[in-house]
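Spelled out, the chains give:
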Amino acid sequence: MTKYLISFPSDAMVVSEEDFPTVVAESHAVIAEAQAAGVYVFGGGINEEVEPVRVGADGSISPGPYPGLDIRGGFTILELPDRASAEAWAAKIAASCHCPQELREFMYDPMS
């Protein structure tokens, strides 16, 4: 089984205040479906009100993200048998969130 990251940047979700409760309900339903199917690993949105920091190899703390890197939005990690399954789940998540998703595959790591 391979782990896949399905994500979108905050700016991609353009939903009216009126439609937002529907998006929340639909996206939670897809996550519940993934949990019931036993493929859900983790999901959530980045809290954009909390500034990121960089932690150096020596333990030092520096404010801000890596230069040029801007990670915001929502993320779901699923463990699936193949790329076709990952694309199908990404399509379900895209439909429920009412915005396009990006699909990435994690490299195999025997420790994870």
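Scroll up to find the structure.
No experiment lies behind these values; they were computed from the predicted model shown.

(A) Quick peek at the layout of surface pockets. Roughly 450 Å³ of volume is contained in the largest pocket. If you go around the largest pocket, you meet 24 residues; those closest to its centre are Phe8, Met13, Ser27, Gly74 and Cys97. At the level of elements, strand S1 (2-8), helix H1 (20-37), strand S2 (40-45), strand S5 (74-80) and helix H2 (83-97) are the ones that each hand at least two residues to the lining of the largest pocket. With 6 residues, the top contributor of residues to the lining of the largest pocket is H1. A per-class count over the lining of the largest pocket returns 12 nonpolar, 11 polar and 1 charged. Taken as a whole, the second largest pocket encloses approximately 220 Å³ of empty space. Classifying every residue of the lining of the second largest pocket gives 6 nonpolar, 1 polar and 4 charged.

(B) Structural context of the side chain of serine 96. Mapped onto the elements of the fold, serine 96 is located in helix H2. In this structure serine 96 comes out as buried when scored by relative accessible area, which is 4%. Ignoring anything within four residues of it in the chain, the contact list for serine 96 reads Val23, Glu26, Ser27 and Val30.

(C) Geometry of the pairing of S1. Across the 7 residues that make up S1, a large majority, 5, are buried. Here 7 bridges tie S1 to S5, and the two strands are oriented antiparallel to one another. When the bridges of S5 are listed, tyrosine 4 appears paired with leucine 78. As judged from the 4 bridges shared by S1 and strand S6 (residues 102-105), these two strands associate in the antiparallel manner. Bridge assignment links leucine 5 to a residue of S6, and that residue is arginine 104.

Reading the values: the criteria
- Residues numbered from 1 in each chain as written.
- Predicted model: local features only at pLDDT ≥ 70, side-chain atom pairs only at ≥ 80, totals over all residues.
- Heavy atoms only, no water.
- 1 Å grid on protein atoms, 1.4 Å probe; cavity = no way out; pocket = protein on both sides within 12 Å on 5 of 7 lines; lining within 4 Å.
- Points joined across faces, edges and corners; volume = space filled by probe spheres on them.
- Helix = DSSP H or I, 4+ residues; strand = E, 2+ residues; numbered from the N terminus.
- Nonpolar A, V, L, I, M, F, W, Y, C, P; charged D, E, K, R; others polar.
- Buried < 20%, exposed > 50% of the residue type's maximum accessible area, 1.4 Å probe, protein only.
- Contact = heavy atoms within 4.5 Å.
- Pairing = 2+ DSSP bridges.

From the geometry alone we can't say anything about function, so treat these as descriptive.
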